[in-house]
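# Residue-level structure breakdown
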Amino acid sequence: MAKAKNFVSIVMGSDSDAEIMKETSGILAKFGIAHELRVASAHRSPKFLEKCVREAERRGASVFIAGAGAAAALPGAIAALTAKPVLGVPIASSELKGLDALLSIAQMPAGVPVAAMAIGKAGARNAGMLAVQILALNDSNLAVNLAKHRTEQEKGVMNKDAQLRAGAHKKQGG
Ligand code: RP5
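Residues numbered from 1 in each chain as written. Predicted model: local features only at pLDDT ≥ 70, side-chain atom pairs only at ≥ 80, totals over all residues. Heavy atoms only, no water.

This next bit is on the environment of M108. Position of M108 relative to the elements: it lies in the loop between helix 4 (99–106) and strand 5 (115–116). Exposure remark for M108: the relative accessible area of 24% places this residue in the partly exposed category. Spatially, the C-alpha atoms of M108 and E55 are 24 Å apart, while their sequence positions differ by 53 residues. Look past the residues within four positions of M108 in its chain and what remains in contact with it is G76 and V114. (Helix = DSSP H or I, 4+ residues; strand = E, 2+ residues; numbered from the N terminus. Buried < 20%, exposed > 50% of the residue type's maximum accessible area, 1.4 Å probe, protein only. Contact = heavy atoms within 4.5 Å.)

The strands making up a sheet associate through backbone hydrogen bonding, with each pair oriented either parallel or antiparallel. Spatial ordering of the open sheet is given by 2-1-3-4-5, a layout of five strands whose pairing is parallel. Strands with a single pairing partner mark the edges of an open sheet, and in this sheet they are strand 2 (34–39) and strand 5. With six bridges connecting them, strand 1 (residues 7–12) and strand 2 associate as parallel partners. Across the sheet, residue V11 finds its bridge partner in strand 2, namely R38. Along the sheet, helix 2 (residues 46–58) contacts strand 1, strand 2 and strand 3 (63–69); its crossing angle with strand 2, the most-contacted strand, is approximately 175 degrees. Along the sheet face, helix 3 (residues 74–81) touches strand 1, strand 3 and strand 4 (86–91) and points at about 150 degrees away from the line of strand 3. (Pairing = 2+ DSSP bridges. Axes fitted to C-alpha atoms, helices over the stretch in contact; angles between N-to-C directions.)

Right, let's talk about the site of the ligand for a bit. In the region of the ligand, the neighbouring residues are G13, S14, S16, D17, R44, A68, G69 and S93. Contact between the ligand and S93: an oxygen atom at 2.7 Å from a side-chain N or O atom of the residue. For the ligand, the cavity whose grid points lie within 2 Å of the majority of its atoms is the largest pocket. Residues belonging to the shell around the ligand are distributed by class as follows: one nonpolar, five polar and two charged. (Near = heavy atom within 4 Å. Polar contact = N/O pair within 3.5 Å; in protein donor to acceptor, adjacent residues only side chain to side chain. 1 Å grid on protein atoms, 1.4 Å probe; cavity = no way out; pocket = protein on both sides within 12 Å on 5 of 7 lines; lining within 4 Å. Sits in = over half its atoms within 2 Å of the grid points. Nonpolar A, V, L, I, M, F, W, Y, C, P; charged D, E, K, R; others polar.)

One can describe the packing of helix 1 (residues 18–30) onto helix 5 (residues 121–136) by two numbers: an axis separation of 8 Å at closest approach and a directional angle of 30 degrees. Judged by the angle between their axes, helix 1 and helix 5 are roughly parallel. Helix 1 and helix 5 meet at a crossing whose hand is right-handed. Counted together, E19, I20, M21, E23, T24, I27 and L28 of helix 1 and K121, A124, R125, G128, M129, A131 and V132 of helix 5 form the full contact between these two elements. Taken together, the residues of the contact of helix 1 with helix 5 break down into eight nonpolar, two polar and four charged. (Parallel < 35°, antiparallel > 145°, perpendicular 65-115°, else oblique. Left-handed = near helix turned anticlockwise from the far one by under 90°.)

With respect to burial, strand 4 is a largely interior element, six of its six residues being buried. Neither face of strand 4 is exposed, since V86, G88 and P90 on one face and L87, V89 and I91 on the opposite face are all buried. As paired strands, strand 3 and strand 4 are joined by six bridges and run parallel to one another. Counterpart to I65 in the pairing with strand 4 is L87. Running through helix 3, the crossover from strand 3 to the neighbouring parallel element strand 4 is right-handed. Where strand 4 and strand 5 come together, two bridges link them in parallel fashion. Within the sheet, the bridge partner assigned to G88 lies in strand 5 and is A116. (Right-handed = clockwise from strand over helix to strand, strands pointing away.)

Set out below in structure tokens:
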């Protein structure tokens, strides 16, 4: 199997997490980064999870992104199986609305790090962005695209500021 230059494995604990984790996929697609989306659970399918991690490593995965809710063991379990960076996305799928997952992901024991993103869609998007930033360290084209993205993002905010000010100006003018 030909390995992509940059390859990211996105794993989620349940298919019910897919709506959130598609946000990560959208960011990676925007930057043209090859990736996969898989469902594997640390609690419900530990042997299958290990198989998925090994397969992703064989395909050349350089970053893992794991989205899970409730007692979210998935990012930590993946981090225990690989030395590649693991970004964890807490998902608000239980009665505790993601705080449980956030703490489960953030409170890793020393020696097995997991980067904890924000709960939900913002965290899923940022996981994609952080993966791009990690890959851009060794990819100058990606670094250029990342810089362009930041410029576009800033322009977007400035446009909104200009629109808001123009609207306020009109109102004041009657
Ligand atoms: C977690 O339990 C999953 O990541 C999901 O967020 C949550 C609920 O899973 P389902 O019961 O919807 O499959 O392990």
